[in-house]
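Spelled out from the first residue to the last, the chains are:
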Amino acid sequence: MDTASSDSAATPPPGGSPQPPRQNNRRKVAAAAAAASAVEWYDYFIFGIAAALVLGGKFFPSSSPVAEVLSSFATFAVGFLARPIGGIIAGQLGDKRGRKPMLVMALTVMGLATTAIALLPGYDQIGVAAPIALVLLRVLQGVAVGAQWGGAMLMATEYAPEGKRGLYGSLVQLGVPIGVVTANVAFLLTEALTDDAAFGAWGWRVPFGVGVLVLLLAWYIHARVEETPEFREAERALAERERAEREQKEALKKGGAAAKARSPLRTILKEHLGTVLLAGGSFAVNTATFYIIITGVLDYTTRDLHMERGSVLMVSLLVSLTQLVLIPAAAAVSDRLGRLPVYTAGALGIFLWAVPMFLLIDTKSLWLLGLGTFVTSCFLSIMYGPQAALFAELFTAEMRYTGASLGYQFAAVVGGGLAPFMMVLLLEVSGTSMAVSGYIMGLALVALASIAVLHKRARAREASAAAARPEAEAEPA
């Protein structure tokens, strides 16, 4: 497992020493990365809310409400299956060509796909072509968000001042609660301004239409934001390495052999696959539980518990607002105490709270629904705050985009993509919400085991570095 330095430095001039980025430039880049994350997640989350409320009947009509919801959530899950594709493509190019171009590409694809969903005719208008087109557009959303997270996260963390990588990384993580809040507000406003007939006919499309604004942000980042200093330094080192590799390749060709071109993906899969899987295993419970409380619970409370839709959306919105404070607070604590201790506390909390949360939800009380999901949200925030910096520090700069993205998107597929579908299925088969609690607890155990291995590796690496230090200091003599 490679661990990169927590410090950022600009590319040094020839013969000079690295110069830190200007403070105003750091803030501009961090703000742009946070905004990119927020608008991407807004576009991504409105699909989840629409899947729970309306997409099943519009694109997958069936005589069974459960079948409609399962079909809708299956389409929701398709976006998660596509996220590793975006992570791989953007990771390969982002580690070679830069963080910024990949972030701009991701924003452009997301903006176009989301706007197209707003304009897409339903099953009643174009038949089976409607669900096929919806699935394809959801795939594009998945590719876009898979590409976006690594770019936005690295734009923020690689510009971070010394000792603040966790805090700067959390600014990108704030895109998730901001996306949830704005997506819920969009649907609440649309619902307030339309009756049930108008909402079902066209009102649900309005929140998707806002996706066109993503294209404007993509243009701004392309025109006004600079590449990260750590990538520029890695690029300079890479250019020197590739020049040496070309010379070696020419020498090998003369002997009848050929050298393989550098590939961050090949390096990751060959030498660091274990780290990717451990990172994904540590985070799957977070993303699964998150989508359960913002999407699965929305369907469960309105369809099974017969709670009022607008009230449940308001609870989700208020709970998400608390994450705007909790996520950066947890990240700041991780800058002082370390990533893994804070991360472990969040995973343990999710495990212990899985059963009480659903016992509170099953009371059908809005207040207790809010309490149950709020406490869960606290533990999610404790994990999510330091997660960007933790994943960035698992890999060196020349393979960081690929490695961190693969770890994150692996967790998204295993956890988030299947979670709402699994929740509906478990409720239907077992008839009790305790089955969903068991599902969360199983993922939490996987997370705790993965974190324990990462912690053991970190201690071993530190011990090895400490043992090598006296030898290195003795050699010059």
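Nothing here was measured: the structure is a model prediction, and the numbers come from that model.

### Observations regarding the overall build of the protein chain
Here is step 1: A count of helices and strands for the protein chain gives 20 helices and 0 strands.
Here is step 2: A burial count over the protein chain gives 54% of its 477 residues as buried.
Here is step 3: Across the protein chain, every contact between residues at least 6 apart in sequence was considered, and the portion connecting residues at least 24 apart equals 85%.

### Digging into the nonpolar core
Here is step 1: Counting residues in each nonpolar core, the largest one holds 109 residues, and the members touching the most others are Phe-45, Tyr-291, Ile-292, Phe-358 and Phe-391.
Here is step 2: If one sorts the elements of this core by residue count, helix H14 (residues 273-304) sits on top with 15 residues.
Here is step 3: Apart from the residues lying within four places of it in its own chain, the contact partners of Ile-292 are Val-297, Phe-358, Ala-419, Met-423, Val-436, Tyr-439 and Ile-440.

### Side note on the packing of helix H17 (residues 366-392) against helix H18 (residues 400-417)
Here is step 1: Packing of H17 against H18 brings their axes to within 9 Å, and their N-to-C directions diverge by 140°. When the interaxial angle is binned, H17 and H18 end up oblique. Contacts between H17 and H18 involve Tyr-384, Gln-387, Phe-391 and Ala-392 on the former and, on the latter, Arg-400, Ala-404, Gly-407 and Tyr-408.
Here is step 2: For the contact of H17 with H18, a count of residues per class yields 5 nonpolar, 2 polar and 1 charged.

### Description of the environment of Phe-358
Here is step 1: Among the structural elements, Phe-358 can be located in helix H16 (residues 339-361).
Here is step 2: By relative accessible area, Phe-358 is classed as buried at 0%.
Here is step 3: Sequence separation between Phe-358 and Thr-373 is 15 residues; the distance between their C-alpha atoms is 8.9 Å.
Here is step 4: Sequence-distant contacts of Phe-358, that is, excluding residues within four places in its chain, are made with Ile-292, Tyr-300, Met-423, Ser-433, Met-434, Val-436, Ser-437 and Ile-440.

### Notes on the pattern of salt bridges
Here is step 1: Counted by the stated rule, this structure contains 6 salt bridges.
Here is step 2: Among the ionic pairs, Arg-303 bridges to Asp-304, the shortest N-O distance being 3.4 Å.
Here is step 3: One salt bridge in this structure joins Asp-335 and Arg-339, with 2.7 Å as the shortest N-O distance.
Here is step 4: Looking at Asp-335, the relative accessible area reads 24%, which means it is partly exposed.
Here is step 5: A single network of salt bridges, built from pairs that share partners, joins Glu-191, Asp-196 and Arg-309.

### Concerning a nonpolar patch on the surface
Here is step 1: A contiguous nonpolar surface patch, about 380 Å² in accessible area, is contributed by Leu-269, Leu-273, Leu-277, Phe-410 and Val-414.
Here is step 2: Elements that contribute at least two residues to the nonpolar patch include exactly H14 and H18.
Here is step 3: Looking at where Leu-277 falls in the secondary structure, it is placed in helix H14.

### Concerning the environment of Gln-125
Here is step 1: With respect to the helices, strands and loops of the structure, Gln-125 is situated in helix H5 (residues 123-126).
Here is step 2: By relative accessible area, Gln-125 is classed as exposed at 57%.
Here is step 3: Within the local environment of Gln-125, its side chain forms a polar contact with the backbone nitrogen of Gly-122, the two atoms lying 2.9 Å apart.

### Considerations on the packing of aromatic side chains
Here is step 1: Tallying each qualifying case throughout the model produces 8 aromatic pairs.
Here is step 2: What links up through ring pairs into an aromatic cluster is the set Phe-283, Tyr-384, Phe-391 and Tyr-408.
Here is step 3: One residue, Arg-138, lies across the ring of Phe-47, its end atom 4.4 Å from the ring centre.
Here is step 4: Its guanidinium or amino end placed over the ring of Phe-199, Arg-309 lies 4.9 Å from that ring's centre, counting from NZ or CZ.

### Regarding the confidence of the model for the protein chain
Here is step 1: Residues at a pLDDT of 70 or more form 81% of the protein chain, whose mean pLDDT is 79.
Here is step 2: Put simply, helix H12 (residues 229-254) is where the protein chain has its lowest mean pLDDT, 59, and H16 is where it has its highest, 96.
Here is step 3: Taken together, the stretch residues 1-19 has pLDDT below 50 and engages in 53 contacts with residues farther than four places along the chain or on a different chain.
Here is step 4: pLDDT under 50 marks residues 256-260. Its contacts with residues more than four places away, or in other chains, come to 4 contacts.

### Side note on unusual backbone geometry
Here is step 1: The phi dihedral of His-306 falls on the positive side, at around 60°, and the residue is not glycine.
Here is step 2: A relative accessible area of 64% places His-306 in the exposed class.
Here is step 3: In this structure, Lys-364 takes a positive phi of about 70° despite not being glycine.
Here is step 4: Structurally, the position occupied by Lys-364 is in the loop between H16 and H17.

### Considering the side chain of Gln-173
Here is step 1: Tracing the backbone shows Gln-173 in helix H7 (residues 165-173).
Here is step 2: With relative accessibility at 0%, the residue Gln-173 sits in the buried group.
Here is step 3: Here Tyr-384 takes part through its backbone oxygen, which lies 3.0 Å from a polar atom of the side chain of Gln-173.
Here is step 4: Looking at Gln-173, its side chain comes within polar contact range of the side chain of Gln-387, at 2.6 Å.
Here is step 5: Residues in contact with Gln-173, not counting those within four places in the same chain, are Trp-149, Ile-327, Tyr-384, Gly-385, Gln-387 and Ala-388.

Reading guide: rules and limits
Residues numbered from 1 in each chain as written. Predicted model: local features only at pLDDT ≥ 70, side-chain atom pairs only at ≥ 80, totals over all residues. Heavy atoms only, no water. Helix = DSSP H or I, 4+ residues; strand = E, 2+ residues; numbered from the N terminus. Buried < 20%, exposed > 50% of the residue type's maximum accessible area, 1.4 Å probe, protein only. Contact = heavy atoms within 4.5 Å. Core = buried A, V, L, I, M, F, W, Y, C linked by side-chain atoms within 4.5 Å. Axes fitted to C-alpha atoms, helices over the stretch in contact; angles between N-to-C directions. Parallel < 35°, antiparallel > 145°, perpendicular 65-115°, else oblique. Nonpolar A, V, L, I, M, F, W, Y, C, P; charged D, E, K, R; others polar. Salt bridge = Lys/Arg side-chain N within 4 Å of Asp/Glu carboxyl O. Patch = residues over 30% accessible without salt bridge, like charges linked within 9 Å, V, L, I, M, F, W, Y side chains within 5 Å. Areas by Shrake-Rupley, 256 points an atom, 1.4 Å probe, with all protein chains shown as cover. Polar contact = N/O pair within 3.5 Å; in protein donor to acceptor, adjacent residues only side chain to side chain. Phe/Tyr/Trp six-rings, centres within 6.5 Å; stacked < 30°, edge-to-face > 60°. Lys NZ or Arg CZ within 6 Å of the ring centre and 35° of its normal. pLDDT = per-residue confidence, 0-100.

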